[in-house]
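Fold and geometry: a report
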Amino acid sequence: MAHVYFHIDLNAFFANAEILLDPSLKGKPLVVSGKTRRSVVSTASYEARKYGIHSAMPVSEAQKRCRELIIVEGHYEWYRELSSRFMDIIRSYTDIIEQASIDECYADMTEVIQKYERPLDLAWTIQRRVLQETGIPCSVGIGPNMFLAKMASDMKKPMGITVLRIREVKERLWPLPIGDMRGVGNKTVPVLEEMGIHTIGDLASWKDITSLSTVFGKNTEEIIRRANGYDDREIVTEYDAKSMGVSETLLEDVTDYEELRGLIRLLSRKLSKRLRSSHKAGYRVSVRICYYDFRNNDRSVRLDHPVFKADDLFLGAISLFDDNWDEGEAVRLLGISVSDLISDEKIVSQMSLFDEAQESREETADILAELNRMTGNKAFVRASALLDTQKK
């Protein structure tokens, strides 16, 4: 039986979430962003997009394009609550789910869709429930693999339902600009266009693999396969994941080292709690740095012993960050993860009484960090440094 994958994407999520808090914003050009000179757009409402405003655009440029533009600083706890409601709805249909980000997920509906007389009724039902129970519109892409499902969900927004089959790739996928292809970043587009690759079809039929290898490296063959409509990936659910990680998307670009260092410490504590609750530890620590223009820098290191404690995770992560951050480059997202996992309750139970005594202080640091997310001040950095001093 062929697989049926759904990609479900909440439309203009942050902007629509803000409209739920303040209905007077409905129908107006709106962006979610910070308000400093270096801030960039996190999400733009569809009214703002009519002016050519998009994610990662400097706010100063967005204001030039639309004088009536409304800038709203985000409410992340509200976004997380809505995201949790969204995921609970999808889990009520299947537990084969991979959450791609706060506002999108993949779901294997191969078995579930058999229960519906008309297959698209399942997509319509999910779309209606998400809107009714969260207040956020969503688009649903349906395909025989994860890549085509994702590309399908991008084809019609908002509130679109799109099916993309392998036999339709040449007609519907290949004419699209190369910049529309999932996995091709903004920095890569001009390089490909310089080579003569302007559409997904151009990439799919490109013969000079060596030249493409200079652009995509070890992922070249996989990228070409996807351009031809093929994708062998399977959904990785939380319970069978080979790694465990946490990340934080920033509402505005951050260049301050101490603020980024403080965020890595917060993420280390959050990941440590997840590992402990799952009775897991891992040998490999990884860091993801996503810049304001959506370039990603992923680095990892394998340790000679499994780790799960916050301090050990932080030391591994900050070392990777220090070695690989392009100093001064604005960061949009930071994430850390642990892989090469082992399940050994004996290792996890070795947490000393001293470690347990730190938990209340770590909780305090977490609260201060969350306040920083909401208020934009850097008090938590100083407080975190004080807590570190107390530990010593």
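Chains are numbered independently. Their residues run from 1 in the order of the written sequence. With pLDDT at 70 or above as the cut-off, local features in this predicted model cover only qualifying residues; side-chain atom pairs require 80 or more to be listed or tallied, and sums for whole chains, interfaces and linings still use all residues. To get the side-chain values, take all heavy atoms of the structure and skip hydrogens and water.

**Section: the overall build of the chain**
For the chain, the count of helices and strands is 17 helices and twelve strands. Within the chain, the proportion of its 392 residues that are buried is 48%. The criterion used for residue contact is that any of the two residues' heavy atoms lie within 4.5 Å. Long-range pairs, those at least 24 residues apart, make up 65% of the contacts in the chain with a sequence separation of at least 6. For the chain, the exposed surface amounts to about 19,700 Å²; the carbon and sulfur share of it is 49%. Only runs of H or I of at least four residues qualify as helices and only runs of E of at least two qualify as strands under DSSP, and these elements are numbered from the N terminus. The rule is simple: take the accessible area with a 1.4 Å probe, protein chains only, and divide by the maximum for that residue type; under 20% is buried, over 50% is exposed, in between is partly exposed. Values of accessible area rely on a 1.4 Å probe in the Shrake-Rupley scheme; residue burial ignores everything except the protein chains shown.

**Describing the pattern of salt bridges**
We define a salt bridge as a side-chain nitrogen of Lys or Arg found within 4 Å of a carboxyl oxygen belonging to Asp or Glu. All chains considered together, the criterion is met by 21 salt bridges. The salt bridge partner of Asp9 is Lys157, with a shortest N-O separation of 2.7 Å. Of this pair, Asp9 sits in strand β1 (residues 5–10) while Lys157 is found in the loop between α6 (146–153) and β8 (161–163), placing the two residues 148 residues apart along the sequence. We classify Asp9 as buried; its relative accessible area is 6%. We classify Lys157 as partly exposed; its relative accessible area is 34%. Measuring nitrogen to oxygen at the nearest pair gives 2.7 Å for the salt bridge that ties Arg80 to Glu77. Placement of both Arg80 and Glu77 in helix α4 (residues 76–91) is noted, with a separation of three residues, approximately one turn of the helix.

**Points about the sheet that holds strand β7 (residues 138–143)**
Through backbone hydrogen bonds, the strands of a sheet pair up, either in parallel or in antiparallel fashion. Taken in spatial order, the five strands line up as β5-β6-β1-β7-β8 in an open sheet, and their pairing is mixed. Strands with a single pairing partner mark the edges of an open sheet, and in this sheet they are β5 (97–101) and β8. Each neighbouring strand pair of the sheet contributes to a mean axis angle of 15 degrees, computed without reference to strand direction. Axis definition: a line fitted to C-alpha atoms, limited for helices to the stretch in contact. Angles are taken between N-to-C directions and run from 0 to 180 degrees. Across the sheet, α4 is in contact with β1, β5 and β6 (104–108); its angle to β5 comes to roughly 155 degrees. Docked against the sheet, helix α5 (residues 120–134) engages β1, β7 and β8, running at close to 160 degrees with respect to β7. For two strands to count as paired, DSSP must find a minimum of two bridges between them.

**Things to note about the packing of aromatic side chains**
Each pair of aromatic rings taken from Phe, Tyr and Trp, with Trp reduced to its six-membered ring, is defined by centres within 6.5 Å and is described as stacked if the planes are under 30 degrees apart, edge-to-face if over 60, and tilted in the remaining cases. If you walk through the whole model with that rule in mind, you get eight aromatic pairs. Ring centres of Phe13 and Phe14 lie 5.6 Å apart, and the angle between their planes is 45 degrees; on these two criteria the pair is classed as tilted. Each member of the pair, Phe13 together with Phe14, is buried. Here a set of aromatic residues connected by ring pairs shows up, and it is made of Phe13, Phe14, Tyr76 and Tyr79. By the criterion adopted, a ring carries a charge over it if an Arg CZ or a Lys NZ lies within 6 Å of its centre and within 35 degrees of its normal. Sitting over the face of the ring of Phe314, Arg265 holds its NZ or CZ atom 3.9 Å from the ring centroid.

**Re the packing of α4 against α5**
Two numbers describe how α4 lies on α5: the axes approach to 10 Å, and their chain directions differ by 145 degrees. For the crossing formed where α4 meets α5, the hand is right-handed. Residue-level inspection shows Leu82, Arg85, Phe86, Ile89 and Ile90 of α4 in contact with α5, the latter providing Ile126, Arg129, Val130, Glu133 and Thr134. Should the near helix be turned anticlockwise from the far one by less than a right angle, the crossing is termed left-handed; should it be turned clockwise, right-handed.

**Structural notes on helix α13 (residues 310–324)**
Along an α-helix, a turn takes 3.6 residues, which lines up residues three or four apart on a common side. Its 15 residues place the ends of α13 21 Å apart at the C-alpha level, agreeing with the 21 Å of an ideal helix rising 1.5 Å per residue. Burial in α13 covers these residues: Ala310, Leu313, Phe314, Gly316, Ala317, Ile318, Leu320, Phe321 and Asn324. Each residue after the first adds 1.5 Å to the expected span of a helix.

**Some words on α6**
Across the eight residues that make up α6, a large majority, eight, are buried. For α6, every residue scored as buried is listed here: Met146, Phe147, Leu148, Ala149, Lys150, Met151, Ala152 and Ser153. Identification of polar contacts relies on pairs of N or O atoms within 3.5 Å, with a donor-acceptor requirement for protein atoms, meaning one able to donate a hydrogen and the other able to accept it, and with residues adjacent in sequence counted only if both atoms are side-chain atoms. Capping the start of α6, Asn145 holds a side-chain oxygen 3.2 Å from the backbone nitrogen of Phe147, two or three residues further along.

**Considerations on the nonpolar core**
As a rule of thumb, soluble globular proteins bury nonpolar side chains together. Put simply, a nonpolar core is a bunch of buried Ala, Val, Leu, Ile, Met, Phe, Trp, Tyr and Cys residues held in one set by side-chain atoms that sit within 4.5 Å of each other. Membership of the largest hydrophobic core comes to 31 residues, with the highest contact counts inside it found for Phe6, Ile8, Ile90, Met109 and Ile126. Among the elements of the structure, β1, α1 (13–21), α4, β6, α5 and β7 are those that each provide at least two residues to this core. With eight residues, the single largest contributor to this core is α4. In contact with Ile126, other than residues within four places in its own chain, are Phe6, Ile8, Ile90, Tyr93 and Met109.

**A short note on unusual backbone geometry**
Here Lys157 and Pro158 are connected by a cis peptide whose omega angle stands at -5 degrees. Here Pro158 lies in the loop between α6 and β8. Positive phi outside glycine occurs at Ala56, with the angle close to 75 degrees. Along the chain, Ala56 turns up in the loop between α2 (46–49) and α3 (59–65). Non-glycine residue Met159 carries a positive phi angle of around 55 degrees. Looking at the secondary structure, you find Met159 in the loop between α6 and β8. On the basis of relative accessibility, which here comes to 31%, the residue Met159 falls in the partly exposed class.

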